[in-house]
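# Examination of the molecular architecture
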Amino acid sequence: MIDDRLLSILSNGQFHSGRELGELLGVSRSAIWKQMKELEQLGVDVYSIRGRGYRIPGGLDLLCEKQIVTGCSELASSRLTTISLERIVDSTNMMAMREVHQQNVISGRLYLAEYQTAGKGRRGRTWVSPFAKNLYFSLVWRFTQGAAALEGLSLVVGLALVKALNSLGIAQVQVKWPNDLLVNSRKLAGILLEMHGDASGECQVVIGVGVNVAMPEQAEEAIGQPWTDLQQLSAVDISRNQLMSEVLNHLVPELDRFSEYGFAVFKDEWQQVHAFQNETVRLMLGNKEIVGECQGVDDRGALMVRHGGRVEHFHAGEISVRRQYASGH
Ligand code: BTN
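Summary of the structure given here. (Residues numbered from 1 in each chain as written. Predicted model: local features only at pLDDT ≥ 70, side-chain atom pairs only at ≥ 80, totals over all residues. Heavy atoms only, no water.)

Around the ligand sit 20 residues in total, of which Ser91, Gln116, Lys120, Arg122 and Lys187 are the nearest. In this structure, Lys120 approaches the ligand through a main-chain N or O atom, which is 2.7 Å from an oxygen atom. At 2.6 Å, a side-chain N or O of Lys187 approaches an oxygen atom of the ligand. Summarising the interface, the protein chains cover 99% of the accessible area of the ligand, which totals 420 Å² for the free molecule. (Near = heavy atom within 4 Å. Polar contact = N/O pair within 3.5 Å; in protein donor to acceptor, adjacent residues only side chain to side chain. Areas by Shrake-Rupley, 256 points an atom, 1.4 Å probe, with all protein chains shown as cover.)

Let's shift gears to the sheet that holds strand β5 (residues 135-143). Sheet architecture is open: seven strands sit in the order β3-β4-β5-β9-β8-β7-β6, paired in mixed fashion. Across the chains shown, the open sheet's two edge strands, defined by having one partner strand only, are β3 (82-89) and β6 (174-176). Each strand axis lies, on average, 20° off the axis of its neighbour in the sheet, ignoring direction. Packed onto the sheet, helix α7 (residues 153-167) meets β5, β6, β7 (180-183), β8 (186-197) and β9 (203-211) and runs at close to 140° relative to β8. (Pairing = 2+ DSSP bridges. Helix = DSSP H or I, 4+ residues; strand = E, 2+ residues; numbered from the N terminus. Axes fitted to C-alpha atoms, helices over the stretch in contact; angles between N-to-C directions. Contact = heavy atoms within 4.5 Å.)

To continue, consider the side chain of Ser91. Along the chain, Ser91 turns up in the loop between β3 and α6 (92-101). Residue Ser91 is classed as buried on the basis of its relative accessible area, which comes to 1%. Here the side chain of Ser91 touches Asn93 through a polar contact of 3.2 Å, landing on its backbone nitrogen. For Ser91, the side chain forms a polar contact with the main-chain nitrogen of Met94, separated by 3.0 Å. When sequence neighbours within four positions are dropped, the list of residues in contact with Ser91 reads Gln116, Ala118, Gly119 and Lys120. (Buried < 20%, exposed > 50% of the residue type's maximum accessible area, 1.4 Å probe, protein only.)

Let us look at the state of the cysteines. Scanning the entire structure with this criterion turns up zero disulfides. Here Cys64 stays free of any disulfide, with the sulfur of Cys72 as its closest cysteine sulfur at 12 Å. Look at Cys64 and you get partly exposed, because its relative accessible area is 23%. (Disulfide = S-S within 2.5 Å.)

Per the stated rule, a full pass over the model turns up four aromatic pairs. By way of ring pairs, the aromatic residues Phe143, Phe258, Phe263 and Phe266 are connected into one cluster. Over the ring of Phe15 we find Arg55, and its NZ or CZ is 5.9 Å from the ring centre. Taking NZ or CZ as reference, Arg257 lies 4.2 Å from the ring centre of Phe266, over its face. (Phe/Tyr/Trp six-rings, centres within 6.5 Å; stacked < 30°, edge-to-face > 60°. Lys NZ or Arg CZ within 6 Å of the ring centre and 35° of its normal.)

Another point: the sheet that holds strand β14 (residues 319-323). One open sheet accounts for five strands, arranged β13-β12-β11-β10-β14; its pairing is antiparallel. In this open sheet, the two edge strands, each paired with only one partner strand, are β13 (310-314) and β14. Pairwise comparison of adjacent strand axes, ignoring direction, gives a mean angle of 45° for this sheet. Two elements, strand β10 (residues 280-285) and strand β11 (residues 288-297), share six bridges in a ladder whose sense is antiparallel. Within β11, the position partnered with Val281 by the bridge is Gly292.

Now the structure itself:
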């Protein structure tokens, strides 16, 4: 178990000797050594030099509830009921879902982690979640108009994320239906919604979001698709606490607007940042493939594709969409 105090001391990126750390924490130097090994196993670079001690190059930008709340607008903080911040979890979505199933979660609870041992992506994939590098969170939100009305919700979440990133100076962020964020065709963030409740009445939605902030090079192999992170896109360092606050500042009002008016009022804005708008796309529906012209989304958030002389509306699920490149590419 890694002591939180050890993480805060090391977060400044300076050398700290084993003796100094042991004294501050009231444990032996070998106990410190063991915790350093644990940190390394989480993928954190730890330099150790005989006579000088340990150092984390570049330091650690740790998540902090207080900083997140301080950066939140009045509306966002008034709607946030609790923040549950853990260093290591299996998955923030799984944590949230477990508590939702036990029916002791109220709307507005935010689950945050520095590291996920079993981060969940869409379509059964793993979400690569290195320690203290990216943003992994799940927000529980209550809706009363039934699951069917929530079709456009993941699109609304994507749009809110685009706005939050724009407000931090990250331009050129696009959405890929139903819920990826891309920059230059590389994935910057993913959204995973899980629902619990009544198909026609009240339901709780776990809104899971992963944003790549400073993905370590070593993670490249595990990701298996073109990706980017904020570190590559921004001239200045963006703190994950600031990012979390900005996301809430944009997400909370959009969730309220969605509850009140549905997806139709977001459609135009969404299409403006849609990566494949009016482009030829290839849809994969199980083992069936459809190639057609992507005409954006309808008032409910279904994807509209013209093929075979008609426009078909596709609803999210096990569908994946790709840009169809001209032959030779
Ligand atoms: C995707 O495949 O694009 C969706 C990725 C969603 C990842 C986030 S990280 C926080 C939350 N907890 C999880 O286990 N998954 C989501």
